[in-house]
Amino acid sequence: MYLYNSATHKKEPFTTHTPGRVEMYTCGPTVYHFAHIGNLRSYIMEDVLEKYLRYEGYDVNRVMNITDVGHLSSDADTGEDKMLMGAKREHKTVLEIAQFYTDAFFADCAKLNIKTPDTVQPATGLIPEFINMVQGLLDRGYAYIAGGNVYFDTSKLARYHIFFDHDQEDLQVGVREGVEEDANKRNKNDFVLWFTRSKFEDQALKWDSPWGVGYPGWHIECSAISLKYNGEYLDLHCGGIDNAFPHHTNEIAQSESYLGHPWCPQWFHVHHLNTDDGKMSKSKGEFLTVSLLEEKGYDPLAYRFFCLQSHYRKALVFSWENLDNAAGAYRKLIARIAALDPDDGAVDEAVLEASRQKFMKAVGNDLNTSLGVTAVYDALKAGTNDATCLAVIGDYDRVLSLSLTEKAAALRKKTVELGEIKATMSIGAGASITVTGEGDPAVDALVLKRAEAKKAKSFAEADRIRNELRAQGIELTDTPAGVVWKRV
Ligand SMILES: [Zn+2]
């Protein structure tokens, strides 16, 4: 495949150190709060990338950390400890907070069809390895002790800035909130490898080390965790674009200085999700989580569909209206797949193989997921028998992971129970009515009115219409494909 590499600023053929094998690392969440859907956009796109590489036949070893210590609120070494913030907010211990939000993160991932990486390592579980790496950096002259803390000395590097030019990165540091000067640092970009002195007297988690009782800096965990589980040569490192500096820049500094050779040649960064408010995590004061989407009646996979419709290197604008559009398109797509008959013909293997090649050409060009989604619509229009069409869509869904054939099969089963689908009528953004049995424009109009009332949150009016229909002997069922009505 061809993949844009943030380290070289170019789209390049994807390569691996060991042929056929991908060592892949993903920066995991800091588990002090629920992940917001902007964070989850990154994990969705990284999941598609992993599945795409497997689709191409690679054997992928994917590793992810869980940050449960050492991440300060500014991403640099200032601000508050995020875990401590969470513990104080909820009157729990740091470990309770870590466990709760780790579980919540993986529950969200499961709802979004994000596969759990092969190895998931909480930072607090690997402290001896971090100490070992910090000691190695001290031994090799890349680190120094000042004011009780151990710092990485960026002046020892021939090249520190990797992802942006020097001025841009300096600008980024400048705009970060609450940046305080640390008088112990010899150079502006130096960063903490191990804290023994911090302003957090009540720091909950501390470990003994050669430099005193303390805790690791945030960046060292990813270098050490990847080294342990991916080995000395990492092929692909992923993360959100906000992690490029300083976090990934510092990971490279530590890993290459420790190893004495180049570490990871390919860097994949997913860009921001922005809302109308200009914030990544909130819209009109609401914190955007998977649970909130569910509370508002959205299938979490409609959000995945929404993400796949745009390219990972473009900022994506989230609004409820945009999500409505995606949710409506997703429902309609499933309804179209449900209308296919699995018993119609035998799978044409030649067509399936040709479709695979077409899909790889499209998606393999810098993970073009929107073309991957388009390929599903193309399959529906291709004029093959239904069995072949379903096989092609099922094959694509190994990468897209939209549960297309599963949801379609469930809908098909439900439809058999409810009666034959005669027509699906779109009633605007995100809603449709599926008409079963005899069509009746008067009933359709009432069903439509009820759907509009629900959308406007006039639930009393929606219930009134349902009761009115029930009085006429008409039952309504809400399905993923829309509202189905029939006479009972
Ligand atoms: Zn990381």
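Here, every reference points to the structure presented above.
Quick caveat, the model's predicted, so the values are computed rather than measured. (Residues numbered from 1 in each chain as written. Predicted model: local features only at pLDDT ≥ 70, side-chain atom pairs only at ≥ 80, totals over all residues.)

S.K.: So what about the pairing of strand β10 (residues 236-240)? Which residues, and what values?
M.R.: Burial runs high along β10: five of the five residues are buried. Pairing geometry for strand β3 (residues 21-26) and β10, over three bridges, is parallel. Opposite M24, over in β10, you have L236 as the bridge partner. Judged from the five bridges that link them, β10 and strand β11 (residues 266-270) form a sheet pairing that is parallel. Note that in β11 the partner of G239 across the bridge is H269. Crossover connection from β10 via helix α7 (residues 244-259) to parallel β11: handedness right-handed. (Buried ≥ 20, exposed ≤ 12 C-beta atoms within 10 Å, placed from the backbone. Helix = DSSP H or I, 4+ residues; strand = E, 2+ residues; numbered from the N terminus. Pairing = 2+ DSSP bridges. Right-handed = clockwise from strand over helix to strand, strands pointing away.)

S.K.: So what's going on with helix α15 (residues 441-455)? Residues and values would help.
M.R.: Over its 15 residues, α15 runs 21 Å from end to end, which matches the ideal 21 Å to within 8%, given 1.5 Å per residue. If you check which residues of α15 are buried, you get V443, V447, R450 and A451. Summarising the axial view, the buried residues of α15 lie within an arc of 100°, below the 170-degree limit, and thus occupy one face. Of the exposed residues in α15, the ones pointing more than 90 degrees away from its buried face are P441, A442 and A445. Downstream of α15 by a residue or two, K457 has a phi angle that is positive, lying close to 65°. (Expected span 1.5 Å × (residues − 1). Arc of directions from axis to C-beta.)

S.K.: I'd love a proper account of the environment of L112, names of residues and values included.
M.R.: Turning to its location among the elements, L112 is positioned in the loop between α3 (94-111) and β5 (119-122). Residue class for L112 comes out buried when judged on the 21 C-beta atoms lying within 10 Å of it. Separated by 193 residues in sequence, L112 and F305 have C-alpha atoms that sit 9.6 Å apart. Discounting chain neighbours no more than four positions away, the residues touching L112 are L40, I44, V290, P300, L301, Y303 and R304. (Contact = placed C-beta atoms within 7 Å.)

S.K.: Let's hear about the packing of helix α4 (residues 127-139) against α7: which residues, and what values?
M.R.: Where α4 meets α7, the axes come as close as 9 Å, and the angle between the chain directions of the two elements is 70°. The angle between α4 and α7 places the two elements in the roughly perpendicular class. Relative to α7, the crossing made by α4 is left-handed. Contacts between α4 and α7 involve M133, G136 and L137 from the first element and Q254, S257 and Y258 from the second. Each residue belonging to the contact of α4 with α7 can be placed in one class, and the counts come to three nonpolar, three polar and no charged. (Axes fitted to C-alpha atoms, helices over the stretch in contact; angles between N-to-C directions. Parallel < 35°, antiparallel > 145°, perpendicular 65-115°, else oblique. Left-handed = near helix turned anticlockwise from the far one by under 90°. Nonpolar A, V, L, I, M, F, W, Y, C, P; charged D, E, K, R; others polar.)

S.K.: Go over the sheet that holds strand β9 (residues 215-216), please, and point to the residues and values.
M.R.: In space, the four strands of this open sheet follow the order β6-β7-β8-β9, with antiparallel pairing throughout. The strands lining the two open edges of the sheet, one partner per strand, are β6 (143-146) and β9. With two bridges connecting them, strand β8 (residues 191-195) and β9 associate as antiparallel partners. Note that in β9 the partner of W194 across the bridge is P216.

S.K.: Could you give me a rundown of unusual backbone geometry, with the residues and numbers involved?
M.R.: Between F245 and P246 the backbone carries a cis peptide bond, its omega angle lying at 5°. Relative to the elements of secondary structure, P246 occurs in helix α7. If you check the backbone angles, N113 has positive phi at about 60° while not being a glycine. Tracing the sequence through the fold places N113 in the loop between α3 and β5. Taking the number of C-beta atoms within 10 Å as the measure of exposure, N113 has 18 and is therefore partly exposed. Non-glycine residue S401 carries a positive phi angle of around 55°. Inspection of the secondary structure puts S401 in the loop between α13 (386-400) and α14 (404-418). Residue classification places S401 among the partly exposed positions, given that 19 C-beta atoms sit within 10 Å.

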